[in-house]
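# A structural walkthrough
As a plain string of letters, each chain reads:
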Amino acid sequence: MATTFPDAADVEHVLDLAARAPSAGNAQPWRWLVDTRGVHLFADWSRSLGDSDADRRDVVLSCGAVLHHCAVAFGAAGWSSRIHRLPEPDVLASLELAARPAGAASRELAAAIARRRADRRPYRGALPAGTIEQLVIRAARFDVQLSVVPASRWARLGDAEFALRYAGAAPQHDGDQAAMLVLATAADTEGMRLRAGEALSDLTLAAAALGLATCPLTQPLRDQRNRLALTCEVFDGDAYPQALLRLGQQPVTDALPPLQRRSVAETTTFALG
Ligand SMILES: Cc1cc2nc3c(=O)[nH]c(=O)nc-3n(C[C@H](O)[C@H](O)[C@H](O)COP(=O)(O)O)c2cc1C
């Protein structure tokens, strides 16, 4: 493991930034242990929003998102992370750190952390050419497939709710020009859910860096019929949808203010000796 290690203040700064990661219901269902071997991520099941398989999925996806945010924040602070996923029972991931000067790309992604918000407002205007293709390539780096949900298959319900519409009801977008994307994996294991969460984080930060708005969604996937129909139509029945992602041009109105996060003291145990 690492022969050098960031000091506690640097780790605290990184974990504070990582806590800005999106999480289902803003539950932030994670815990950290920092010891001389690295930084270890655990799911905090007590913060799960329920007991169903969909709730477990939300926890692991959210942990994947904070894991990626953490690696990005360490990267910008001059530490590269080697990520060991599910290294032992109950540990979702361990980051092994090595000093490495930050590159421009990692600084750009880290700078997007503070700007990214889950934006449920209508998006107006077309996406720049090639945006979705670029995100498909990024998702593939996490073994995650990314595809577009046909506009006829989703609807905006009121101000902040979205639904899949495989049951036949007429889709309504109310002027929302968002693209609806779906992230899927080849298997539905905890490891693949973690990877999907990392990809979700990467796509939201890459979009924010391009000045685009996003909103992750899993609520519409809770209905099994929608889930199966989406799998058949978009992935030929051969993938597991993990999350949806709305993507589009940022509304020109005010930026959304940040939501409250748990402090590093609440989520983290330091055991640096
Ligand atoms: C796995 C996951 C599932 C989510 N599902 C939904 C959803 O179904 N509907 C929704 O409006 N927001 C959803 N969100 C967005 C969260 O509500 C949002 O990230 C959280 O409230 C924190 O706000 P912020 O992302 O703006 O910082 C989801 C986020 C994640 C990571």
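Each chain carries its own residue numbering, running from 1 in the direction its sequence is written. Only residues with pLDDT of 70 or above have their local features reported here, since the model is predicted, and side-chain atom pairs are shown and tallied only from 80 upward, although totals for entire chains, interfaces and linings are computed over all residues. The basis for every side-chain value is the complete set of heavy atoms in the structure, and neither hydrogens nor water enter the calculation.

The name that an unreviewed UniProt entry assigns to the protein chain is Nitroreductase family protein, with the source organism given as [Mycobacterium] wendilense.

Turning next to the side chain of Arg-262. In this text, helices come from DSSP runs of H or I with a minimum length of four residues, and strands from runs of E with a minimum of two, each type numbered from the N-terminal end. Among the secondary structure elements, Arg-262 is positioned in the loop between strand S10 (240-249) and helix H7 (264-267). Of the side chains with opposite charge, Asp-44 lies nearest to the buried Arg-262, which makes no salt bridge, at 4.1 Å. A distance of 2.9 Å separates a polar atom in the side chain of Arg-262 from the backbone oxygen of Trp-30. Any two residues whose heavy atoms approach within 4.5 Å are treated as being in contact. Sequence-distant contacts of Arg-262, defined by excluding residues within four places in its chain, comprise Ala-19, Gln-28, Trp-30, Asp-44, Arg-47 and Thr-267. Here's how the labels work: a residue is buried when its accessible area is under 20% of the maximum for its type, exposed when over 50%, partly exposed in between, all with a 1.4 Å probe on protein chains only. His is not counted, nor are the chain ends; Lys and Arg add positive charge and Asp and Glu add negative charge. Salt bridge, as used here, is a side-chain nitrogen of Lys or Arg placed within 4 Å of a carboxyl oxygen of Asp or Glu. Identification of polar contacts relies on pairs of N or O atoms within 3.5 Å, with a donor-acceptor requirement for protein atoms, meaning one able to donate a hydrogen and the other able to accept it, and with residues adjacent in sequence counted only if both atoms are side-chain atoms.

Take the site of the ligand next. The cutoff for a nearby residue is simple: one of its non-hydrogen atoms must lie within 4 Å of the molecule or strand. Arg-116, Arg-117, Ala-118, Arg-120 and Arg-261 are the nearest of the 17 residues found near the ligand. Ala-118 has a polar backbone atom sitting 2.8 Å from an oxygen atom of the ligand. Here, Shrake-Rupley sampling with a 1.4 Å probe gives the accessible areas, and only protein chains in the shown set may cover a residue. In isolation the ligand has 620 Å² of accessible area, and contact with the protein removes 92% of it. Sorting the residues of the shell around the ligand by element identifies helix H2 (53-76) and strand S9 (212-217) as the ones contributing at least two each. Ten residues, namely Ala, Val, Leu, Ile, Met, Phe, Trp, Tyr, Cys and Pro, are considered nonpolar, four, namely Asp, Glu, Lys and Arg, are considered charged, and the remaining ones, Gly among them, are considered polar. In the shell around the ligand, the residues fall into seven nonpolar, six polar and four charged.

Take the pairing of strand S8 (residues 179-185) next. In terms of burial, S8 is a largely internal element, seven of the seven residues being buried. The side-chain alternation of S8 yields two buried faces, one formed by Ala-179, Leu-181, Leu-183 and Thr-185 and the other by Met-180, Val-182 and Ala-184. Pairing between strand S5 (residues 145-148) and S8: four bridges, direction antiparallel. Bridging across to S8, Val-148 finds its partner in Leu-181. DSSP bridges decide pairing: two strands pair if at least two such bridges lie between them. Here seven bridges tie S8 to S10, and the two strands are oriented antiparallel to one another. By the bridge assignment for S10, Leu-183 is matched with Ala-243.

For Val-91, the location among the structural elements is in strand S4 (residues 91-99). Relative accessible area serves as the criterion here: at 8%, Val-91 is assigned to the buried category. The sequence separation of Val-91 and Ala-43 amounts to 48 residues, and the corresponding C-alpha distance is 7.8 Å. Among residues more than four places away in sequence, those in contact with Val-91 are His-40, Leu-41, Phe-42 and Leu-86.

Domain extents, as shown, originate in an automatic or database domain assignment. We note that the domain assignment places domain 1 (8-114 + 258-271) and domain 2 (131-249) within the protein chain. Relative to domain 2, the C-alpha centre of domain 1 lies at a distance of 22 Å. Every contact between the two is made by 26 residues of domain 1 and, on the other side, 24 residues of domain 2. Throughout, buried area stands for the accessible area (probe radius 1.4 Å) lost by two parts on being put together, summed over both. Carbon and sulfur atoms make up 61% of the surface buried where domain 1 meets domain 2, a total of about 2,100 Å² over both sides.

On to helix H1 (residues 8-18), then. Within H1, burial applies to Val-11, Val-14, Leu-15 and Ala-18. All buried residues of H1 fall inside an arc of 95 degrees around its axis, so they share one side. Across H1 from its buried face, at more than 90 degrees, point the exposed residues Ala-9 and His-13. Of the surrounding secondary structure, the elements contacted by the buried residues of H1 are strand S1 (30-35), strand S2 (38-43), H2, H7 and strand S11 (268-271). By construction, the arc corresponds to the directions joining the helix axis to the C-beta atoms.

Moving on: the pattern of salt bridges. What the rule picks out here adds up to 17 salt bridges. For the salt bridge of Asp-53 with Arg-57, the shortest nitrogen-to-oxygen distance reads 3.8 Å. Of the two residues, Asp-53 and Arg-57 both sit in helix H2, four residues apart, roughly one turn of that helix. The network of salt bridges with shared partners includes Asp-53, Arg-57, Asp-188 and Arg-193.

Taken across its nine residues, S4 has seven buried, putting it largely inside the fold. Of the pairings in the sheet, the one linking S2 to S4 comprises three bridges and is antiparallel in character. Residue pairing in the sheet places His-40 in a bridge with Ser-94 of S4. Where strand S3 (residues 79-88) and S4 come together, eight bridges link them in antiparallel fashion. Paired with Trp-79 across the strands is Ala-99, a residue of S4. Remark: two residues form the turn of the hairpin made by S3 and S4, two consecutive strands paired antiparallel; Asp-90 in that turn has positive phi of roughly 80 degrees.

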